[in-house]
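Spelled out from the first residue to the last, the chains are:
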Amino acid sequence: MTVITVALGDRSYPVVIEAGVLDHAGEHVSPLAGGRRVVIVADANVRPHLATLERSMHAAGIETEAVIVPAGEGAKSWASLEALCGRLLELGVERGDHVIALGGGVIGDLVGFASAILKRGTRFVQIPTTLLAQVDSSVGGKTGINTRAGKNLIGAFHQPSLVLIDPDVLGTLPARELRAGYAEVLKYGLIDDPDFFGWCEANGAALLAGDPTARAHAIAHSVAAKARIVAADEHETTGVRALLNLGHTFGHALEAEAGFDGTLLHGEAVAAGCALAFRYSVRRGLCPTEDAERVAGHLRAVGLPGGLGDITASGARLVDHMRHDKKASGGVLPFLLARGIGRTFLDRTVDLVDVAAFLDEEPRRCPTA
Ligand SMILES: NC(=O)c1ccc[n+]([C@@H]2O[C@H](COP(=O)([O-])OP(=O)(O)OC[C@H]3O[C@@H](n4cnc5c(N)ncnc54)[C@H](O)[C@@H]3O)[C@@H](O)[C@H]2O)c1
Ligand SMILES: [Zn+2]
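Residues numbered from 1 in each chain as written. Chains lettered and ligands numbered in written order. Predicted model: local features only at pLDDT ≥ 70, side-chain atom pairs only at ≥ 80, totals over all residues. Heavy atoms only, no water.

Novice: Explain the site of ligand 1 to me, using residue names and the numbers behind them.
Specialist: In the neighbourhood of ligand 1, 25 residues make up the surrounding shell, with Asp43, Gly105, Thr129, Thr130 and Thr172 lying closest. Val169 is positioned with one of its backbone polar atoms (N or O) 3.1 Å from a nitrogen atom of ligand 1. For ligand 1, whose unbound accessible area comes to 870 Å², protein coverage reaches 89%. Residues of the shell around ligand 1, tallied by class, amount to seven nonpolar, nine polar and nine charged. (Near = heavy atom within 4 Å. Polar contact = N/O pair within 3.5 Å; in protein donor to acceptor, adjacent residues only side chain to side chain. Areas by Shrake-Rupley, 256 points an atom, 1.4 Å probe, with all protein chains shown as cover. Nonpolar A, V, L, I, M, F, W, Y, C, P; charged D, E, K, R; others polar.)

In structure tokens, the structure reads:
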């Protein structure tokens, strides 16, 4: 068992990582539940894991109530939030009570936000079931929903009380979702940890094939990195937490263009976005070509996109999507660029016209394998 603390003073919490921990979840949740019934929110695709969780809660003497939310990004909506809050109120959830989010980033973001606003703040536990949620979204307290104007534009910082990560639940995750989550793993290497990127090059394929040792190492290493960054800059005010957005400005433009309909998963867009950020850094004379080639090479080797792929939109159109990015302020869009692998920094001087020209020169169909 690995326990990593997210150190945030009186809002600190442990992230427990252990294969099979879902079978013992009741023991971990019991001290928080204080004898009260616990509501578990899950989506239909994690029903087998819900059954395990319920069994372990009952074995620890905790009563449960399950709420099933439709699977998919569409659940991060006003309508789902309203329905979920209504149901939690009907179930009599009180301020000190804990709600459990069992699912991927969608469930975690939705339940976390509902918990932030219900009765001006209830408590919640994250039990992430996708690789993306285990290495990224379940830690750090960003919660929220999407609106017609864009993704994650409505939300709150609300830290969970506990995160329980069971790598074994990834056994039921579709391979494509696992691979997309892996983009957020290797991102930590690209940001400031070249040795970890080297580890990814050597072990990424084994991790994706289900090797439990590689999986556990990648999750613990990623969570430790995220916990460090969140502790240093919880509300993204100093620029440290912004480093986690590597690949996301380019990536969000690709996601917006693809239409959030599952054609391009978030992690796939982030993978392509990281490759583009490195190649753009080369164009700016910041980064050695070999480093950008190493990044794209590893992405291709594991079957992730290393460029624009099937996106045919013009550079100007993609840059237009970027202008709507919530990180834009006063007409300036900060970009994460790199001086090399593990040497990412925030650049506030990027000219979007130049970015559009760069994107126009990018090959439009980059082989993924
Ligand atoms: N809060 C943050 O800091 C943060 C960070 C990164 C991403 N996000 C958000 O996370 C969301 C994406 O998360 P995601 O990739 O986990 O998507 P997701 O929650 O939609 O899960 C992906 C798919 O896998 C299914 N699934 C989940 N666990 C499963 C399992 N163990 N077995 C079988 N199927 C399973 C889900 O039902 C869904 O169909 C986005 O909305 C993104 O904005 C938030
Ligand atoms: Zn992401």
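Novice: Account for the coordination of the zinc ion (ligand 2), with residues named and values stated.
Specialist: Protein coordination of the zinc ion (ligand 2) is provided by Glu184 (OE), His248 (NE2) and His266 (NE2), with donor distances spanning 2.0 to 2.1 Å. All donors of the zinc ion (ligand 2) come from a single chain, and their spacing in sequence reads E-x63-H-x17-H. You can see Glu184 sitting in helix α6 (residues 175-192) and its partner His266 sitting in helix α10 (residues 266-283), a full 82 residues away along the chain. (Donors = N, O, S within 2.8 Å, 3.2 Å for Na, K, Ca; no water. Helix = DSSP H or I, 4+ residues; strand = E, 2+ residues; numbered from the N terminus.)

Novice: Please set out the packing of aromatic side chains residue by residue, giving values where relevant.
Specialist: Throughout the structure, instances matching the rule amount to five aromatic pairs. Consider the rings of Phe196 and Trp199, whose centres lie 5.6 Å apart with planes at 10°: the pair is stacked. Of this pair, Phe196 and Trp199 are both found in helix α7 (residues 194-208), three residues apart, which corresponds to roughly one turn of the helix. Both residues of the pair, Phe196 and Trp199, belong to the buried class. For the ring pair Phe250 and Phe335, a centre distance of 5.5 Å and an interplane angle of 70° mean the geometry is edge-to-face. Highlighted residues: Phe250 in helix α9 (residues 248-258) and Phe335 in strand β10 (residues 335-338), separated in sequence by 85 residues. In this pair, the class of Phe250 matches that of Phe335, namely buried. Every member of this aromatic cluster is reached through a ring pair, and the members are Phe250, Tyr280, Phe335 and Phe358. (Phe/Tyr/Trp six-rings, centres within 6.5 Å; stacked < 30°, edge-to-face > 60°. Buried < 20%, exposed > 50% of the residue type's maximum accessible area, 1.4 Å probe, protein only.)

Novice: Would you mind going over the pattern of salt bridges in detail, with residue names and values included?
Specialist: Under the counting rule described, the total for this entry stands at 23 salt bridges. Across the pair Arg283 and Asp354 runs a salt bridge whose closest N-O atoms are separated by 3.0 Å. Here Arg283, found in helix α10, pairs with Asp354, found in helix α13 (residues 352-361); they are 71 residues apart in sequence, far enough to count as distant. Judged by relative accessible area, Asp354 falls into the partly exposed class, the value being 23%. (Salt bridge = Lys/Arg side-chain N within 4 Å of Asp/Glu carboxyl O.)

Novice: Give me unusual backbone geometry: which residues, what numbers.
Specialist: Unlike most non-glycine residues, Lys119 shows phi in positive territory, near 50°. Mapped onto the secondary structure, Lys119 falls in the loop between α4 (105-117) and β6 (123-128). Taking the relative accessible area as the measure of exposure, Lys119 reaches 38% and is therefore partly exposed. A positive phi angle is found at Asn152, which is not glycine, with a value near 55°.

Novice: Quick one: what's the story with helix α1 (residues 25-33), residue by residue and with numbers?
Specialist: Within α1 the residues assigned to the buried category are Ala25, Gly26, Val29 and Ala33. Along the axis of α1, the buried positions cluster into a sector of 80°, meaning they face one direction only. Along α1, the residues that are exposed and aim more than 90 degrees away from the buried face are Glu27 and Pro31. Against β3 (38-43), α2 (47-59), β5 (98-103) and β9 (162-165) lie the buried residues of α1. (Arc of directions from axis to C-beta. Contact = heavy atoms within 4.5 Å.)

Novice: Break down α4 for me, citing the residues and quoting the values.
Specialist: Here α4 contains 13 residues, and its C-alpha end-to-end distance of 18 Å stays within 8% of the 18 Å for a straight helix at 1.5 Å per residue. Of the residues making up α4, those classed as buried are Gly105, Val106, Ile107, Gly108, Asp109, Leu110, Val111, Gly112, Phe113, Ala114, Ser115 and Ala116. The first or second residue beyond α4 is Lys119, which carries a positive phi of 50°. (Expected span 1.5 Å × (residues − 1).)

Novice: Outline the pairing of strand β7 (residues 142-147), listing residues and values.
Specialist: With five bridges connecting them, β7 and strand β8 (residues 150-157) associate as antiparallel partners. When the bridges of β8 are listed, Thr147 appears paired with Gly150. Connecting the antiparallel pair β7 and β8 is a turn made up of two residues. (Pairing = 2+ DSSP bridges.)

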